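Geometric and topological summary
This is what each chain is made of:
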2 protein chains.
Amino acid sequence: MTGAPPPAPLPSDGLGPLVAIVGGGQLGRMMALAGRPLGLRFRFLEPKENPPVTELGTVIQAPYDDPEGLDALVDGAAVVTYEFENVPVEAARRLARSAPVFPPPAALAMAQDRLVEKESFRELGIDTAPFRPVSSRGELQEALEALGTPAVLKTRRFGYDGKGQAVIREMGDADGAWDELGGRSLILEGFVEFDRELSILAVRGRDGEVRDYPLVENQHSEGILVRSTVPASGVDEELQWGARELVERVLTKLDYVGVLAVELFQVGHRLLANEMAPRVHNSGHWTQDGAWTSQFENHLRAVVGLPLGPTGIRGRGAAMLNLLGSPPDRGTLAALPGVCLHLYDKTPRPGRKIGHINVVSAGGAGPDGPGEEDSPESLEARIQEVIRVLDAGV
Amino acid sequence: MTGAPPPAPLPSDGLGPLVAIVGGGQLGRMMALAGRPLGLRFRFLEPKENPPVTELGTVIQAPYDDPEGLDALVDGAAVVTYEFENVPVEAARRLARSAPVFPPPAALAMAQDRLVEKESFRELGIDTAPFRPVSSRGELQEALEALGTPAVLKTRRFGYDGKGQAVIREMGDADGAWDELGGRSLILEGFVEFDRELSILAVRGRDGEVRDYPLVENQHSEGILVRSTVPASGVDEELQWGARELVERVLTKLDYVGVLAVELFQVGHRLLANEMAPRVHNSGHWTQDGAWTSQFENHLRAVVGLPLGPTGIRGRGAAMLNLLGSPPDRGTLAALPGVCLHLYDKTPRPGRKIGHINVVSAGGAGPDGPGEEDSPESLEARIQEVIRVLDAGV
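What counts and how
- Residues numbered from 1 in each chain as written.
- Chains lettered and ligands numbered in written order.
- Predicted model: local features only at pLDDT ≥ 70, side-chain atom pairs only at ≥ 80, totals over all residues.
- Heavy atoms only, no water.
- Domains from an automatic or database assignment.
- Pairing = 2+ DSSP bridges.
- Helix = DSSP H or I, 4+ residues; strand = E, 2+ residues; numbered from the N terminus.
- Axes fitted to C-alpha atoms, helices over the stretch in contact; angles between N-to-C directions.
- Contact = heavy atoms within 4.5 Å.
- Buried area = accessible area lost by both parts, 1.4 Å probe.
- Salt bridge = Lys/Arg side-chain N within 4 Å of Asp/Glu carboxyl O.
- Polar contact = N/O pair within 3.5 Å; in protein donor to acceptor, adjacent residues only side chain to side chain.
- Nonpolar A, V, L, I, M, F, W, Y, C, P; charged D, E, K, R; others polar.
- Parallel < 35°, antiparallel > 145°, perpendicular 65-115°, else oblique.
- Buried < 20%, exposed > 50% of the residue type's maximum accessible area, 1.4 Å probe, protein only.
- Phe/Tyr/Trp six-rings, centres within 6.5 Å; stacked < 30°, edge-to-face > 60°.
- Least-squares fit on C-alpha atoms with pLDDT ≥ 70 in both.
- Arc of directions from axis to C-beta.

**Side note on the domain arrangement of chain A**
Assigned domains within chain A: domain 1 (18-111), domain 2 (130-190) and domain 3 (196-392). Computed over C-alpha atoms only, the centres of domain 2 of chain A and domain 3 of chain A are separated by 31 Å.

Below you can see the structure in the form of structure tokens.
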């Protein structure tokens, strides 16, 4: 592949290469948990105390743009990757002088700015919701007249989990939205009457091989992902191939290495790209227990230059349920077959993602299986039971 | 259950209980990797430098019988467990004054002495090979005359992986065996013409619930396990129940909590107990990728007082292949579907266990599945392919 550096060396001493990760949250944590069995070692750059990656590698406590911290992070590393898309592009470029940085810094530049991101999608022939850049109250008015209401005003940078957004249901809401967000670089997005939200996760290796995971159906509540389900109902080959083709255009354009997630709106048979995350993604957590290779392992395989693993569903399907706010009743949950707990060692706060649960199809009724696996219906019944337990609280 | 202490507290702050582990080898490593997603934290006592548990918890570097090290290990721990059966019983009893120790120290006492172990099996009505204690050359002679040749002379304590053993094929070998092992407490075991070696792994919770994994077929080479396979061919319900009943007698007798492995000889429809390991066991490593709940997770669930997980085979079957001596060709192995790498971060030395591979049934031919899973035949073909890659070396 053009510009692809040679694979990271896999030393013959049996000890694996060091992977440096910018960020020390749950995604870094789950990468380390997936990577240690591959013989990989980890180092993290994270300004916060007691991050989820504690005791999963060396943690350098420094801001993400601290030159000394960055230099310490990359020292001796075979490869650098990151677990969030707001890594300063300058920091990524500094790191890239000492070791390969995957995904490439160009992916950060695209993902960090909603306007650049949507323009890039369009340039690649990928549909999006209609949008307009907004930098003044006047431009907001023009954009609203062009796109109509309802519409969503968003900051171009640093939005996540529904933050930095204001819905404009009718023209009269425009002043309030402007008061809330004005003064920053903004984008107005036209409202799309979509049928549902999907995401496509794909991984691209150093050799250019691309593998896509099955389309995931996502449910949000107040801008935060609460449930991801595979297989998404009614996905035919055409839809899957459409999603694959879409994500492959981005991967190829960026000479990408690693896992890329693209959030999609489905409108009939059309897929519109909403936004992308150049990293492992919450809607891919089901792969830990429900796919032949987890997104975390495949991301690491890609960035260190190992062959990619199979991305199909293992079993009949899976659902991921985010744990938000309060700690779950572990005992009750662990008693349910097919339930896999993934906690992050984060102190609970209202609305905070402190873990997730993967529900997978399980063997028959007995405590030790084997028997037949779940049907789609019995898997959904199992998922609903977990949701009841979670809703009942501790 | 009689004597069972209440479950370890699961704090409401979202941070899980601290599990203290005596030993810092690959079994402790894999426990930590399985336990971190459950929100458990780990501390290890290990005298060696750079053990496999490095950066998976706090490591206290001290001998296993060091009082200060033991006190530091148990300080604030919700529960203590261990990853090898030669933990000094005195050390276990010291730890038990500060926190529950599971499996119970009585299990260590039984497993550390081949004579006590076999006598205990017999007292529980469990068949074993014929045996005699030997503490002098004269007793060896008497034992050989009683049991006949071939027979195996073994040290009663501290044997593993075929070490501390001498085969006596005929009477003339007795002097050589005595020269090699004499002076220690010994046991002579009569030779059993067994059909094959199996093992049964079971887990018992704090509430007394017992779950057994399917019987595993084991292949050894020069006393070292090289392959474990599930399902073992031709195992019917009667054999599985016989094994379960056997292991359950030991579990109940010891008021056991955690995973227990018993190595068995199959002779026709009979099962003879060879030896037991009061811990997670090499012949249970397939459960990481081939069972609904791994032995590591179930051991931890048991010792912290969580409900046990299902123990059935996930998919059609699995094989575990030990990696001995030289590092494998990760790239070639990772390219094979259904191959799961588990490396231990150990410096390779001839014959040393540096990792293992689990081969599981995988989705159809395509890179992203799904398709039908392997048949038993195609799974075995997949396993043979991995063996060829391993035999070909790096």
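Right, picking up where we left off after that structure.
**Observations concerning the sheet that holds strand β8 (residues 186-190) of chain A**
Residue and element names in this part refer to chain A. Here we have four strands laid out as an open sheet, ordered β5-β8-β6-β7, and antiparallel in their pairing. In the strand order of this sheet, the two ends are held by β5 (131-134) and β7 (165-168), each with one partner. Along the sheet, successive strands turn relative to each other by an average axial angle of 20°, direction set aside. In this sheet, β8 lies alongside β5 in antiparallel orientation, the contact comprising four bridges. The partner of Phe 131 across the bridge, within β8, is Glu 189. Across the sheet, helix α7 (residues 174-181) touches β5, β6 (151-155), β7 and β8, and the angle it forms with β7 is around 175°.

**Concerning the interface of chain B and chain A**
Counting residues at the interface gives 57 residues for chain B, matched by 57 residues for chain A. Buried area between chain B and chain A, both sides added, is near 4500 Å², and the carbon and sulfur share of it is 51%. Put simply, chain B and chain A have two salt bridges between them. Across the pair Asp 345 of chain A and Arg 36 of chain B runs a salt bridge whose closest N-O atoms are separated by 3.9 Å. Scanning the region where chain B abuts chain A turns up 17 residue pairs in polar contact (both at pLDDT 80 or more). The element contributing the most residues to the side of chain B that touches chain A is strand β16 (residues 339-343) of chain B, with four residues. Looking at side-chain class alone, the side of chain B that touches chain A contains 25 nonpolar, 16 polar and 16 charged residues.

**Overview of the packing of helix α1 (residues 26-35) of chain A against helix α10 (residues 295-304) of chain A**
Residues and elements named next belong to chain A. The N-to-C vectors of α1 and α10 enclose an angle of 75°; their axes lie 8 Å apart at closest approach. The angle between the axes of α1 and α10 places the two elements in the roughly perpendicular class. On the side of α1, the interface is formed by Leu 27, Met 30, Met 31, Ala 34 and Gly 35, while α10 contributes Phe 296, Glu 297, His 299 and Leu 300. A class-by-class count of the residues in the contact of α1 with α10 yields six nonpolar, two polar and one charged.

**Focus: the pattern of salt bridges**
This structure, assessed with the given rule, holds 38 salt bridges over all chains. Among the salt bridges present, the one from Glu 85 of chain B reaches Arg 279 of chain B, with a minimum N-O distance of 2.5 Å. On the criterion of sequence distance, the pair formed by Glu 85 of chain B in the loop between β4 (79-82) and α3 (89-96) and Arg 279 of chain B in the loop between β14 (270-277) and α9 (287-290) is long-range, its members being 194 residues apart. As far as burial versus exposure is concerned, Glu 85 of chain B and Arg 279 of chain B are alike and both buried. Of the charged contacts in the structure, one is a salt bridge between Glu 245 of chain B and Arg 249 of chain B, with a shortest N-O distance of 2.8 Å. With Glu 245 of chain B and Arg 249 of chain B both in helix α8 (residues 237-253) and four residues apart, the pair spans about one turn of that helix. Classification of Glu 245 of chain B as partly exposed rests on a relative accessible area of 40%. Since its relative accessible area comes to 31%, Arg 249 of chain B is described here as partly exposed. By sharing partners, the salt bridges in this structure join Arg 29 and Asp 345 of chain A together with Arg 36 of chain B into a single network.

**Considering unusual backbone geometry**
Across residues other than glycine, the phi torsion is negative in most instances, and most of the peptide bonds are trans. Each neighbour pair has its own omega, and for Thr 149 of chain A with Pro 150 of chain A the value is -5°, a cis peptide bond. Position of Pro 150 of chain A among the secondary structure elements: in the loop between α6 (137-147) and β6. Omega for the peptide link from Phe 102 of chain B to Pro 103 of chain B comes to -10°, which places this bond in the cis form. Position of Pro 103 of chain B among the secondary structure elements: in the loop between α3 and α4 (105-111). Even without a glycine there, the phi angle at Glu 55 of chain B is positive, about 60°. Within the fold, Glu 55 of chain B resides in the loop between β2 (41-45) and β3 (58-60). Residue class for Glu 55 of chain B comes out partly exposed when judged on its relative accessible area of 27%. The phi torsion at Asp 345 of chain B lies on the positive side, around 60°, for a residue other than glycine. Relative to the assigned elements, Asp 345 of chain B resides in the loop between β16 and β17 (353-360).

**Observations concerning the packing of aromatic side chains**
Residues and elements named next belong to chain A. In this structure the tally under the stated criterion is eight aromatic pairs over all chains. With centroids separated by 6.3 Å and ring planes inclined at 15°, the aromatic side chains of Phe 42 and Phe 44 adopt a geometry described as stacked. We note that Phe 42, like Phe 44, is buried. Seen from their ring centres, Tyr 64 and Phe 84 are 4.6 Å apart, and the 45° between their planes marks the pair as tilted. Linking Tyr 64 in the loop between β3 (58-60) and α2 (67-74) with Phe 84 in the loop between β4 (79-82) and α3 (89-96), this pair joins segments that are 20 residues apart in sequence. Both residues of the pair, Tyr 64 and Phe 84, belong to the buried class.

**Remarks on the relation of the copies chain B and chain A**
Superposition of chain B onto chain A requires a rotation of 180° combined with a translation of 0.0 Å along the rotation axis, giving an RMSD of 0.0 Å. Such a combination of turn and shift is consistent with a two-fold rotation axis. Of the interface residues in chain B, 100% have counterparts in chain A that sit at the interface too, so the contact is made through matching surfaces.

**Examining helix α6 (residues 137-147) of chain B**
Residue and element names in this part refer to chain B. Within the sequence span of α6, burial applies to Leu 140, Ala 143 and Leu 144. In a view along the axis of α6, the buried residues occupy a sector of 100°, so they form one face of it. Residues Glu 142 and Glu 145 are exposed on α6 and point more than 90 degrees away from its buried face. In the core, the buried residues of α6 are packed alongside β5 (131-134), β6 (151-155), β7 (165-168), α7 (174-181) and β8 (186-190). A positive phi of about 75° marks Gly 148, the residue just after α6.

**Quick notes on the sheet that holds β3 of chain B**
Residues and elements named next belong to chain B. Here four strands make up an open sheet; going across it, the order is β3-β2-β1-β4 and the pairing parallel. Of all the strands in the sheet, the pair left with one neighbour each is β3 and β4. Strand-to-strand twist across the sheet, computed as the mean angle between neighbouring axes with direction ignored, equals 25°. Direction of pairing for strand β1 (residues 18-22) relative to β4: parallel, over a ladder of four bridges. Looking at the pairing, Ala 20 lines up with Val 80 of β4. Most of the contacts of helix α10 (residues 295-304) go to β4, to which it runs at about 145°, and overall it touches β1, β2 and β4.

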